[in-house]
Amino acid sequence: MKCNRMVDVGRRQFLRGSLVGAAGAAAATVLPASQAKAQGLARVDYPSNRLANVADLVVNEPMDIAYPDADSPGVLLKLGQAVEGGVGPEGDIVAYSVLCPHKGWLMSYNAGDKTLNCPGHHSRFDCESGGQQIWGHATQNLPQFELRVADNGDIFAEGVDELIYGRLSNVL
Ligand code: FES
């Protein structure tokens, strides 16, 4: 009898603990972004770097850039038609890392099909579809730089949507 009571108490304490844990987890998942940022939870403060001016770009001619720092090469592209994540008057300006997400080889732009291509193991990424991988070994899409165009046409990079190859954090 005493033994049964002990088991019952134990069960109730276990359930109470589970409920508290679940409530804590639920609270953690609904933290507003501002509060999470204030607590320093896995948020990255990206620099706002000027890359070029809209007037500097020619349709389908890549411009070499670097973001968020000099050790992270990328490419700025005006694709000629509105695309995912595109900015500017035509919504066709995008920027990507050119370090292959597979093993970090430097990729080159193919103007024929608007892809970035890796000479290492031949991964290919579609610049018109947010850097989506269309072939090869990589296990993630290409990091796309978030852009903003100012009133005077200056193009700024202000974020990255995937982890840049070789980094534990995009901002070192
Ligand atoms: Fe690019 Fe392997 S390094 S596919």
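You'll find the structure just up there.
Note that this is a predicted model, so its numbers are computed, not measured.

Visitor: Go over the nonpolar core, please, and point to the residues and values.
Guide: Membership of the largest hydrophobic core comes to 17 residues, with the highest contact counts inside it found for Leu76, Ile93, Phe145, Leu147 and Ile155. When residues in this core are grouped by element, the largest group, three residues, is from strand 10 (residues 154-160). Discounting chain neighbours no more than four positions away, the residues touching isoleucine 93 are Val54, Leu57, Leu76, Leu77, Lys78, Gly85, Gly86, Val87, Gly88, Leu147 and Ile155.

Visitor: I'd love a proper account of the sheet that holds strand 5 (residues 108-110), names of residues and values included.
Guide: Pairing is antiparallel in the open sheet, where four strands are placed in the order 5-6-7-8. Edge positions in the sheet fall to strand 5 and strand 8 (132-135), since each of these pairs with one other strand and no more. Geometrically, the sheet is characterised by an average inter-axis angle of 35° between neighbouring strands, direction not taken into account. As paired strands, strand 7 (residues 124-126) and strand 8 are joined by three bridges and run antiparallel to one another. When the bridges of strand 8 are listed, aspartate 126 appears paired with glutamine 132.

Visitor: Can you break down the sheet that holds strand 2 (residues 63-66) residue by residue, with the values?
Guide: One open sheet accounts for three strands, arranged 2-3-4; its pairing is antiparallel. The open sheet has two edge strands with one neighbour each: strand 2 and strand 4 (93-97). When the angles between neighbouring strand axes are averaged without regard to direction, this sheet yields 30°. Pairing of strand 2 with strand 3 (residues 73-78) involves four bridges; the strand directions are antiparallel.

Visitor: Any chance you could break down the pairing of strand 4 for me, citing the residues and the numbers?
Guide: Counting buried positions along strand 4 yields five of five residues, so the element is predominantly enclosed. Burial along strand 4 is two-sided: Ile93, Ala95 and Ser97 facing one way and Val94 and Tyr96 facing the other are all buried. Note: strand 3 against strand 4, five bridges, orientation antiparallel. Bridging across to strand 4, lysine 78 finds its partner in isoleucine 93.

Visitor: Residue-level account of the packing of aromatic side chains, with values.
Guide: Given two aromatic rings, one states the distance between the centres and the angle between the planes to describe the pair. Taken as a whole and assessed by the stated rule, the structure comprises two aromatic pairs. Aromatic side chains tyrosine 46 and tyrosine 67 sit 6.4 Å apart centroid to centroid with 25° between the ring planes, which places their arrangement in the stacked category. Of this pair, tyrosine 46 sits in the loop between helix 2 (33-38) and strand 1 (49-53) while tyrosine 67 sits in the loop between strand 2 and strand 3; the two residues are 21 residues apart in sequence, bridging distant segments of the chain. Residue class for tyrosine 46 comes out partly exposed when judged on its relative accessible area of 24%. An aromatic cluster of at least three residues, connected via ring pairs, comprises Tyr46, Tyr67 and Phe145.

Rules used in this analysis
- Residues numbered from 1 in each chain as written.
- Predicted model: local features only at pLDDT ≥ 70, side-chain atom pairs only at ≥ 80, totals over all residues.
- Heavy atoms only, no water.
- Core = buried A, V, L, I, M, F, W, Y, C linked by side-chain atoms within 4.5 Å.
- Buried < 20%, exposed > 50% of the residue type's maximum accessible area, 1.4 Å probe, protein only.
- Helix = DSSP H or I, 4+ residues; strand = E, 2+ residues; numbered from the N terminus.
- Contact = heavy atoms within 4.5 Å.
- Pairing = 2+ DSSP bridges.
- Axes fitted to C-alpha atoms, helices over the stretch in contact; angles between N-to-C directions.
- Phe/Tyr/Trp six-rings, centres within 6.5 Å; stacked < 30°, edge-to-face > 60°.

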